[in-house]
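# Chain and residue survey
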Amino acid sequence: MRKILLFTLSVLFLASCQSAVQVEPTPEKEQATSTIAPIETEMEPSKAVDSVPVPTIPPEMVFPERKPPEEWQEWSITPEITKRAFEIYREGIALGSDPRAFSKVGDCQNIRDAFLGKYDNLTRYPLETENEYLLETIKNFAGSFDTDGQAVRGGFNAATVLSPLRADPEACSPGESPLACELRITKPSFVFISFEVWWEGRTVESYEKYMRQIIETVIAHHAVPILATKADNIEGDHSINLATARLAAEYDIPLWNFWLAVQDLPAHGMDMERNDGFHTSYEAWDVRSLTALQTLDYLWKNLREETVVAVSESETPEVEIEIATPENLNWDYANNILFDLRCFESNAECPQGIYRLNPTNGEVVPLLLGEYLLESVSPNGDFLLLSSGSHLFLAEREKGQLSEISNAFYQYAKNATAWISDERFVALIEQEQAVDLVFFSSDGVITETWKIAEGTPTEVYAGRGGVYWDVENCPPALDCSFVGTWGRDTDQASARQLVRAENLPFDTSETNLAYPILAADGFHNLIFASAEGEIIREYPLPQGRVRDLAWSPDGESIALTLYVQSSYSGRILKIRNFVIEMKNWGLLEYPETFGIAPALVWSPSGENLLWMGTEEIAETEFRLVATSLRDSEGLDFAALNITSPVPLILHQAVWIR
């Protein structure tokens, strides 16, 4: 009975796999007047690694030669250990990869219900006696089997798993692909990579191109890629399996030959009831999970060792940077929008500089190019806070020059600075292996420091003389986990914790706070609270997830964007834009938009509201877009004169009075 039920669930789920991967039309490219070439940067390490060489290979370890890729059908089901796999695994463990975690990358045939998930539920699905030797591996990787992670979803293929448009905006950083997101969150030591689907309109060369990117990304994250052949031959010449074997040989990485494992099954593992040349039988899925587990077992047991190269903790080295102020730097930015851009290249962030947008004609002018980001602007627009890595700079409009006020700036937050008034601001500064809230006067002089006992403050906000901060638990070499939000008036000694359970968008006005909360239906509602943190109202929203919040300057309205996602593929279908009027709690909807990392920007008068974001216009071409949602001046522009071959991400955008 259990097998029949599981088979039925698999059939119902997988029946829609093929329809989910049809080629979507690509918008016609528009002419762009200028193009940003991503700046090549080196990420400053948070740890110094003491001599992490290529691991020494034990003299008794022998790496057998494989047959050529053209003979892939004769390759063994369970792959042999390769020299490169040995190096990747040992280096990865030394650099923080989790020896108890693996990830899956693929389409709907890799979801936990159909692939490997049962091994986290051995009370319901006990092992056969002859397979009990696998229990050690199951115990070691417990928790990785019955999960999909960020890189497995219906409709995924070798191209879409690399697209930021397919990433879950709540779990993933702006501009981050599902693959990069999964690797960052899980830090796996092994990664199964398996795309079963062939569809019209894509060539083997295209498949191979994207698979190279996937493999190189996984290796760059210090995990061992495990490639897999597929059982079907829907393309007619086994060219996908041949290409997969070529890649395994070229990169010297393991290939799990699932095709060979099902050759003795009826119809070679294909489902003859549907007979569509694509779906495999229940027996084949059982074989697939078992041989994948055997592959993981063999690789892990032969690559692991008790002692690995150590990574020592030490302070991040100081980096000397030259402050460049271009001669044509135009500091006359009154009634203009200042914004900065980052890109994601090879899964690393690359700052692209700060720009000025004229809201009258849509003209964009570079203000300060290079590795600079805009952090915040004083309420009167006279002072800017800029950063470059861990260096924080103060710029005064009248003087038109930068002065460095800290070389220990906490650079990992979207909101790492906040202006309390025109004369005072607060910034997150790393001191003595902790992050403090440090207060400065508008001339860059430190006036006060707050030590935070609850954990690491990772975002800071200000409103009505009070300061609010998000706290996360950040153990070494692990991703931070949200703890809560605290607030404190600047003239009081005690802090109060807000009722806030998730690290979601947060914004303050002079009188109110606003932040999303996850409702029972799995979508967001909006919480309005007083400056003291007392909840005023839980406001129901249309189905979606809040991406951005922005109070109007007078605090009488709040704008928000809602992501609408496909429940099947996770793809962002559209972005809905709303304004809530506080005087009557009315909800106004504005035109829908679409893109990556949207931001809402109010004009100083509150009469204009601009939506800014990045659109994907081709697989390797992105453009910056600004669209007027509400205006009194007839703003009429959309695509700006900035394009890039990699996603462009808005970090901050401020409309200066």
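Model, not experiment: these values are computed from the prediction.

### Considerations on the overall build of the protein
In terms of regular secondary structure, the protein is built from 8 helices and 32 strands. The long-range share in the protein, meaning contacts at least 24 apart out of those at least 6 apart in sequence, stands at 57%. Accessible area for the protein stands at about 28900 Å²; split by element, carbon and sulfur atoms hold 48% of it.

### Comments concerning the sheet that holds strand β13 (residues 424-431)
Strand order in the open sheet formed by 4 strands is β12-β13-β14-β15, and the pairing between neighbours is antiparallel. What marks the edges here is a single partner per strand, and that holds for β12 (417-421) and β15 (446-450). The average undirected angle you get between the axes of adjacent strands in this sheet is 30 degrees.

### A word on the state of the cysteines
Within this structure, the stated rule accounts for 1 disulfide. Here Cys-172 connects covalently by a disulfide to Cys-181, the sulfurs 2.1 Å from one another. What sets the handedness of the Cys-172 and Cys-181 disulfide is the S-S torsion sign, and at about -90 degrees it is left-handed. Looking at Cys-172, the relative accessible area reads 8%, which means it is buried. Cys-181 sits in the buried class, given a relative accessible area of 0%.

### Quick look at helix α6 (residues 239-251)
The end-to-end C-alpha distance of α6 is 18 Å, a good match for the 18 Å that 13 residues give at a rise of 1.5 Å each. Among all positions in α6, only Ser-239, Ile-240, Asn-241, Ala-243, Thr-244, Ala-245, Leu-247, Ala-248 and Tyr-251 are buried. Those residues of α6 hidden inside the fold are in contact with α2 (83-94), α5 (204-220), β3 (224-228), β4 (255-256) and α7 (258-261). Asp-252 lies just past α6 and shows a positive phi near 55 degrees.

### Details of the nonpolar core
Ranked by internal contacts, the top residues of the largest apolar core, which has 67 residues, are Phe-190 and Ile-214. Non-local contacts of Ile-214, meaning those with residues more than four positions away in its chain, are made with Ala-158, Val-161, Leu-162, Leu-179, Ile-193 and Phe-195. Within the second largest apolar cluster, 30 residues are counted, among which are Phe-383, Ile-405, Ile-429 and Trp-469.

### Overview of unusual backbone geometry
Here the phi dihedral of Lys-187 falls at roughly 50 degrees; this positive angle occurs in a residue that is not glycine. In the Ramachandran plot, Ala-597 falls in the positive-phi region, its phi being about 50 degrees despite a non-glycine side chain.

### Looking at the pattern of salt bridges
As enumerated under the stated definition, the model contains 21 salt bridges in all. The salt bridge partner of Glu-592 is Lys-574, with a shortest N-O separation of 3.3 Å. Residue Glu-592 is located in strand β27 (residues 586-593), and its partner Lys-574 is located in strand β26 (residues 572-581); the two are separated by 18 residues in the primary sequence. The class of Glu-592 is partly exposed, set by a relative accessible area of 43%. Linked by salt bridges that have partners in common, Glu-208, Arg-212, Arg-246 and Glu-250 make up one network.

### Quick notes on the sheet that holds strand β9 (residues 383-388)
With respect to topology, 4 strands assemble into an open sheet ordered β8-β9-β10-β11, the strand pairing being antiparallel. Edge positions in the open sheet fall to β8 (373-377) and β11 (401-406), since each of these has one partner strand only. Each strand of the sheet is rotated relative to its neighbour by a mean of 30 degrees, with strand direction disregarded.

### Some thoughts on the pairing of strand β29 (residues 609-618)
Most of β29 is tucked away, with 8 of its 10 residues classed as buried. Relative to β29, strand β28 (residues 596-602) runs antiparallel, the two being bridged by 5 bridges. Bridging across to β29, Leu-600 finds its partner in Trp-611. Between β28 and the antiparallel strand that follows it, β29, lie 6 residues; Gly-606 among them carries a positive phi value of about 80 degrees. Sheet topology places β29 next to strand β30 (residues 621-630); 9 bridges connect them, and they run antiparallel. Note on β30: the bridge partner recorded for Met-612 is Ala-626.

### As for the confidence of the model for the protein
Put simply, the protein has an average pLDDT of 80, and 81% of its residues get 70 or more. Segment residues 18-53 is flagged for pLDDT under 50; beyond a separation of four residues in sequence, or across chains, it makes 78 contacts in the model. Below a pLDDT of 50 lies the segment residues 306-328, which in the model reaches 36 contacts outside its immediate sequence neighbourhood of four places, other chains included.

### Let's talk about the side chain of Thr-508
Within the element layout of this structure, Thr-508 appears in strand β20 (residues 507-508). A polar contact is formed between the side chain of Thr-508 and the backbone oxygen of Ala-462, at a distance of 2.7 Å. Leaving out residues up to four positions away in the same chain, Thr-508 has contacts with Tyr-461, Ala-462, Gly-463, Tyr-468, Leu-513 and Trp-551.

### Side note on the environment of Ala-231
Topologically, Ala-231 is positioned in the loop between β3 and α6. Judged by relative accessible area, which is 8%, Ala-231 ranks as buried. On a C-alpha basis, the gap between Ala-231 and Asn-241 in space is 9.1 Å, while along the polypeptide they are 10 residues apart.

Calculation rules
For every chain, the first residue of its written sequence is number 1, and the numbers climb from 1 along that sequence. In keeping with the model being predicted, local features are shown solely for residues with a pLDDT of at least 70 and side-chain atom pairs are shown and tallied solely at 80 or more, while totals for entire chains, interfaces and linings include all residues. Only heavy atoms go into the side-chain values, all of them from the structure, while hydrogens and water stay out. Counting from the N terminus, the helices are DSSP H or I runs at least four residues long and the strands are E runs at least two residues long. Whether two residues are in contact is decided by their heavy atoms, any of which lying within 4.5 Å being enough. Where accessible areas are quoted, they stem from the Shrake-Rupley method and a 1.4 Å probe; at the residue level, only the protein chains shown are allowed to cover. Pairing between two strands requires that DSSP report at least two bridges joining them. Here an axis means a line fitted to C-alpha atoms, over the contact stretch when the element is a helix, while the angle between two N-to-C directions is reported on a 0 to 180 degree scale. Our working definition of a disulfide is a cysteine sulfur pair at a distance within 2.5 Å. Classification of residues uses two cut-offs on accessible area relative to the type maximum, computed with a 1.4 Å probe and protein chains only: under 20% is buried, over 50% is exposed, and between them is partly exposed. Expected span of a helix, by definition, is 1.5 Å for each gap between consecutive residues, and there is one gap fewer than residues. The term nonpolar core refers to a set of buried residues drawn from Ala, Val, Leu, Ile, Met, Phe, Trp, Tyr and Cys, joined through side-chain atoms within 4.5 Å. A pair is scored as a salt bridge if a Lys or Arg side-chain nitrogen falls within 4 Å of a carboxyl oxygen belonging to Asp or Glu. Within a predicted model, pLDDT stands for the predictor's per-residue confidence, ranging from 0 to 100. Under the rule applied, a polar contact is a pair of N or O atoms within 3.5 Å (in protein, one hydrogen donor and one hydrogen acceptor; residues adjacent in sequence only if both atoms are side-chain atoms).

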